[in-house]
Amino acid sequence: MANCTLLITGFEPFHQETINPSWEAVAALPETIGPWKLEKLRLPVVFGQAAELVLARAEEIHPDVILSVGQAGGRDAITPEVIAINLQNASIPDNAGNQPHHLPIHPEGHDGYFATVPVRRMVDAAQEKGIPCKLSYSAGTYVCNDVFYRLLYHHRESGVQVGFIHVPFLPQQAKVGQPSMALEEMVRGLD
């Protein structure tokens, strides 16, 4: 592949955090990786609005692949997500104060959509480099899953590949006993 475009996103901090490792890692990536030109976008942690921003940017740049990256505190590895589910269920409000409970994202959509990026190959490639990485079968029901589902729904017949990757807390975020990962390792894993 030559001159491919990857739209890659990370999120702003949320829920009393002052940093979000997803955006820190995305921002630290190079502008190009092999034949891929990276277009980076920082997203608000707001149901609906975050996905709308990604879709609007995708309309402008026509990416080959869209990868969103989110924070999953408590995880000990980089975790590409296998599936997005058609459910909004927030245990905490988003950054605009929305806190949906048991609502479908798209009433006419399927219960779930599988990632269209090669998640297993991604995991294998990171593990070969010694980076903790494993598949995840739940992107949750918060804004990360909302973005992932909306992107998969929108691009289900477009040919644009869509994926979502969760990263652990940074060491400065983790409380005693919680797993974390250094920013440099996250960046290496995403690269």
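Scroll up to find the structure.
Residues numbered from 1 in each chain as written. Predicted model: local features only at pLDDT ≥ 70, side-chain atom pairs only at ≥ 80, totals over all residues. Heavy atoms only, no water.

Undergrad: I'd like to hear about helix 3 (residues 119-128), residue by residue, with values.
TA: Residues Val119, Val123 and Ala126 constitute the buried set of helix 3. The buried residues of helix 3 all sit within an arc of 70 degrees when viewed along its axis, so they share a single face. The exposed residues of helix 3 that point more than 90 degrees off its buried face are Arg120, Arg121 and Glu128. Residues of helix 3 that are buried sit in contact with strand 5 (79-80). Gly130 occupies a position one or two residues after helix 3 and carries a positive phi of about 80 degrees. (Buried < 20%, exposed > 50% of the residue type's maximum accessible area, 1.4 Å probe, protein only. Helix = DSSP H or I, 4+ residues; strand = E, 2+ residues; numbered from the N terminus. Arc of directions from axis to C-beta. Contact = heavy atoms within 4.5 Å.)

Undergrad: Requested: an account of the packing of helix 2 (residues 49-61) against helix 4 (residues 143-154), with residues and values cited.
TA: Contact pair helix 2 / helix 4: the axes reach a minimum separation of 8 Å and the direction vectors enclose 35 degrees. In the crossing of helix 2 with helix 4, the sense of the turn from one axis to the other is right-handed. On the side of helix 2, the interface is formed by Ala50, Ala51, Val54, Leu55 and Glu59, while helix 4 contributes Val143, Val147, Arg150, Leu151 and His154. Here the contact of helix 2 with helix 4 is built from residues that sort into seven nonpolar, one polar and two charged. (Axes fitted to C-alpha atoms, helices over the stretch in contact; angles between N-to-C directions. Left-handed = near helix turned anticlockwise from the far one by under 90°. Nonpolar A, V, L, I, M, F, W, Y, C, P; charged D, E, K, R; others polar.)

Undergrad: Provide a residue-level description of the pattern of salt bridges, including the pertinent values.
TA: Within this structure, the stated rule accounts for seven salt bridges. With a shortest N-O distance of 2.7 Å, Glu81 and Arg75 are connected by a salt bridge. Overall, the relative accessible area of 0% leaves Glu81 in the buried class. Of the charged contacts in the structure, one is a salt bridge between Asp146 and Arg150, with a shortest N-O distance of 2.9 Å. Pair noted here: Asp146 and Arg150 are both in helix 4, with a separation of four residues, about one helical turn. A single burial state applies to Asp146 and to Arg150, both of which are buried. (Salt bridge = Lys/Arg side-chain N within 4 Å of Asp/Glu carboxyl O.)

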